[in-house]
Amino acid sequence: MTVSPTLDKRFREAAAAAGLLDVAYDLAETPVGTLLVATTARGLCRISYDPQPEHDAESLAKTFGVRVLRAAKPVDPVRRQLDEYFEGKRTEFELPIDLRHQAPFSRDVLNRLARVPYGQVTTYGALAAEAHRPKAARAVGVVMNRNPVPIVLPCHRVVGASGSLVGYAGGLDRKQLLLELEGALQPQLDV
Amino acid sequence: MALVHVPPFESFYEENQDAVLRELRRLLGRDAEDAYQETFLRALRGYGRLRNADNLRAWVLTIARRVAADHYRRREAAPELAEPQRDSRPAYAELGELAEELPRKERTAVVLRYGYDLSYAAIGAALGSSEDAARQAASSGVRRLRRRMQ
């Protein structure tokens, strides 16, 4: 005997509606692959490329608390805005983001990153200078690499001083695809 | 003793959902689905305070039995809602019928003990009396049933 999908879903929704969860997460299908999207009562807290739900749940539990449950509803606003973004209908995300567990420097850099506009790029060095740490380009690179909510906090818009893409935690193909979608890069033809 | 790391609620839920539903079906029959949700909501309320993960299965089954006992008491209070179908009678129903003629306190103690596997401490709490009083009520209920069946 197994629990029916209806019964299962009803419990998950009741748990989220009752405000009993530290983290609610769900999977979202996008042109850059399946993403795991997680939210707390304070806002979006995680977007993972190439999710491994068990591993991701463990890591969320460690950071935010053990009451981690897959539940669709709390994630729906994020899913909707991601869909609009990938359809080219949205150039800014309007989502609260939970950065409470970030170190002060990371939080500062991520907040500045949030203001880099759609379709434009900046450099690691420029972000470092903005954060009053002009020599910390490399440290900014590390913050980008550990960005808890890629796409929504647009670390794909940060490139090297020479204009090369440099790196991306989700893989350079995805960085390129996102920048092409935003019109910041011309699509490259494979030769 | 080393503490066992408490897993994310999701893993705990997935590992125990079938066992909980099975137990609730045995105890409550068709009311099991309402009790299912209530059981895991209660578990979720306490989950953040767990300090180790020893025996999570036993822990959640205890919660399920308490929820079932609450449902059973509500049914007793509103008997027109009860009467599950004859062919799928849960354990408590048969016992409830057998014990019908007992004094109320003995009947409740017998049904909660032998129909729901509740501890005497829990039955005492349900009856508003002590653990010893609950044990006594159950055993005198059983004696009375034996006499009647002879």
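Residues numbered from 1 in each chain as written. Chains lettered and ligands numbered in written order. Predicted model: local features only at pLDDT ≥ 70, side-chain atom pairs only at ≥ 80, totals over all residues. Heavy atoms only, no water.

A look at the overall build of chain A
Formally: Counting from the N terminus, the helices are DSSP H or I runs at least four residues long and the strands are E runs at least two residues long. Only C-alpha atoms enter the radius of gyration; for comparison, a globular chain is expected to reach 2.2 Å times N to the power 0.38, where N is the number of residues. Partly exposed describes any residue whose relative accessible area lies between the buried limit of under 20% and the exposed limit of over 50%, with all areas from a 1.4 Å probe on protein chains only and scaled to the type maximum.
Check the secondary structure of chain A and you find 7 helices and 6 strands. For chain A, the sequential pattern of α-helices and β-strands runs α-β-β-β-α-β-α-α-β-α-α-β-α. The C-alpha radius of gyration computed for chain A amounts to 18 Å, which stays within 12% of the reference 16 Å derived for 191 residues, consistent with globular compactness. Each of the three principal axes of chain A carries a C-alpha extent, and together these read 60 × 40 × 25 Å. Within the span of chain A, comprising 191 residues, buried residues form 47% of the whole.

Some points on the pairing of strand β1 (residues 23-30) of chain A
Strand residues, when the strand is regular, have side chains that alternate between the two faces of the sheet. All names here are of chain A. Applicable threshold: When DSSP finds two or more bridges between two strands, those strands count as paired.
Counted residue by residue, β1 has 6 buried out of 8 residues, so it is predominantly covered. Sheet analysis places β1 next to strand β4 (residues 68-70), joined by 3 bridges and oriented parallel. Looking across to β4, one finds that tyrosine 25 is bridged to arginine 70. Across 7 bridges, the pairing between β1 and strand β2 (residues 33-40) is antiparallel. Paired with glutamate 29 across the strands is threonine 34, a residue of β2. Where β1 hands over to β2, the hairpin turn is made up of 2 residues, counted between the paired strands.

Side note on the interface of chain A and chain B
Defined as follows: It only takes one pair of heavy atoms within 4.5 Å for two residues to be counted as in contact. Accessible area that two parts lose when put together, with a 1.4 Å probe and added across both, is what the buried area reports. For this analysis, a salt bridge means a side-chain nitrogen from Lys or Arg found within 4 Å of a carboxyl oxygen belonging to Asp or Glu. Throughout this description, a polar contact denotes any pair of N or O atoms lying within 3.5 Å of each other; where both atoms belong to protein, one of them has to be capable of donating a hydrogen while the other can accept it, and for residues adjacent in sequence the pair is counted only when both atoms sit in side chains.
The interface of chain A with chain B comprises 21 residues on the first partner and 23 residues on the second. Across the chain A/chain B interface, buried area totals approximately 2,100 Å², and carbon plus sulfur atoms make up 65% of it. Counting across the chain A and chain B interface gives 2 salt bridges. Between Arg12(A) and Glu10(B) there is a salt bridge, with its nearest N and O atoms 2.9 Å apart. Across the contact surface, chain A and chain B share 8 residue pairs in polar contact (both at pLDDT 80 or more). Among the secondary structure elements, those contributing two or more residues to the side of chain A that touches chain B are α1 (5-17), α2 (53-64) and β4 of chain A. Sorting elements by how many residues they give to the side of chain A that touches chain B places α1(A) first, with 7 residues.

Here's the deal with the packing of α1(A) against helix α2 (residues 32-47) of chain B
This is how it is decided: A fitted line through C-alpha atoms represents every axis, and for helices the fit uses only the stretch in contact; the resulting angles, taken between N-to-C directions, go from 0 to 180 degrees. If an angle is under 35 degrees, it is roughly parallel; if it is over 145, roughly antiparallel; if it lies from 65 to 115, roughly perpendicular; otherwise it is oblique. Handedness of each helix crossing follows the sense of rotation of the near helix against the far helix: counterclockwise by less than a right angle gives left-handed, clockwise gives right-handed. Classification used: nonpolar for Ala, Val, Leu, Ile, Met, Phe, Trp, Tyr, Cys and Pro, charged for Asp, Glu, Lys and Arg, polar for all others including Gly.
The interhelical angle for the contact between α1(A) and α2(B), taken along N-to-C directions, is 40°, at an axis separation of 10 Å. Overall, the two elements α1(A) and α2(B) adopt an arrangement that is oblique. The chirality of how α1(A) crosses α2(B) is right-handed. Across the interface between the two elements, Leu7(A), Arg10(A), Phe11(A), Ala14(A) and Ala15(A) from α1(A) touch Glu33(B), Asp34(B), Tyr36(B), Gln37(B), Phe40(B), Leu41(B) and Leu44(B) from α2(B). Split into classes, the residues belonging to the contact of α1(A) with α2(B) amount to 8 nonpolar, 1 polar and 3 charged.

Things to note about the environment of Val158(A)
Of note, Val158(A) is situated in strand β6 (residues 158-159). Residues Val158(A) and Gln120(A), spaced 38 residues apart in sequence, show a C-alpha to C-alpha distance of 9.0 Å.

Regarding the pattern of salt bridges
Pairing between side chains becomes possible if they bear opposite charge and their charged atoms approach one another. By the definition in use, this model includes 25 salt bridges over all chains. The shortest N-O distance in the salt bridge between Arg10(A) and Glu33(B) comes to 3.8 Å. Taken as a pair, Arg10(A) in helix α1 and Glu33(B) in helix α2 lie in two separate chains rather than in one. By relative accessible area, Arg10(A) is classed as partly exposed at 36%. A salt bridge links Arg135(B) to Glu131(B); the nearest nitrogen and oxygen atoms lie 3.7 Å apart. Taken as a pair, Arg135(B) and Glu131(B) lie in helix α7 (residues 131-149) at a separation of 4 residues, close to a single helical turn. Each member of the salt-bridge network shares a partner with another, and the members are Glu38(B), Arg42(B), Asp70(B), Arg73(B) and Arg74(B).

As for the nonpolar core
This is how it is decided: Residues grouped as a nonpolar core are buried Ala, Val, Leu, Ile, Met, Phe, Trp, Tyr and Cys residues, joined through side-chain atoms within 4.5 Å.
In terms of nonpolar packing, the biggest core is built from 66 residues, with Phe11(A), Phe9(B), Leu24(B), Tyr36(B), Phe40(B) and Tyr116(B) touching the most fellow members. The greatest single-element share of this core, amounting to 9 residues, is contributed by helix α3 (residues 56-77) of chain B. In this view, Phe40(B) contacts Phe11(A), Phe9(B), Phe12(B), Tyr13(B), Asn16(B), Gln17(B), Val20(B) and Val60(B); residues no more than four positions away in its chain are not counted. Ranked by size, the runner-up nonpolar core spans 35 residues in total, among them Leu99(A), Ala128(A), Val140(A) and Leu178(A).

Overview of the packing of helix α4 (residues 104-113) of chain A against helix α6 (residues 137-145) of chain A
Residue and element names in this part refer to chain A. For the pair α4 and α6, interaxial distance at closest approach is 10 Å and the crossing angle is 80°. If you check the angle between α4 and α6, you find them roughly perpendicular. Where α4 approaches α6, its residues Phe105, Ser106, Val109, Leu110 and Leu113 are matched on the opposing element by Ala139, Val140, Val143 and Met144.

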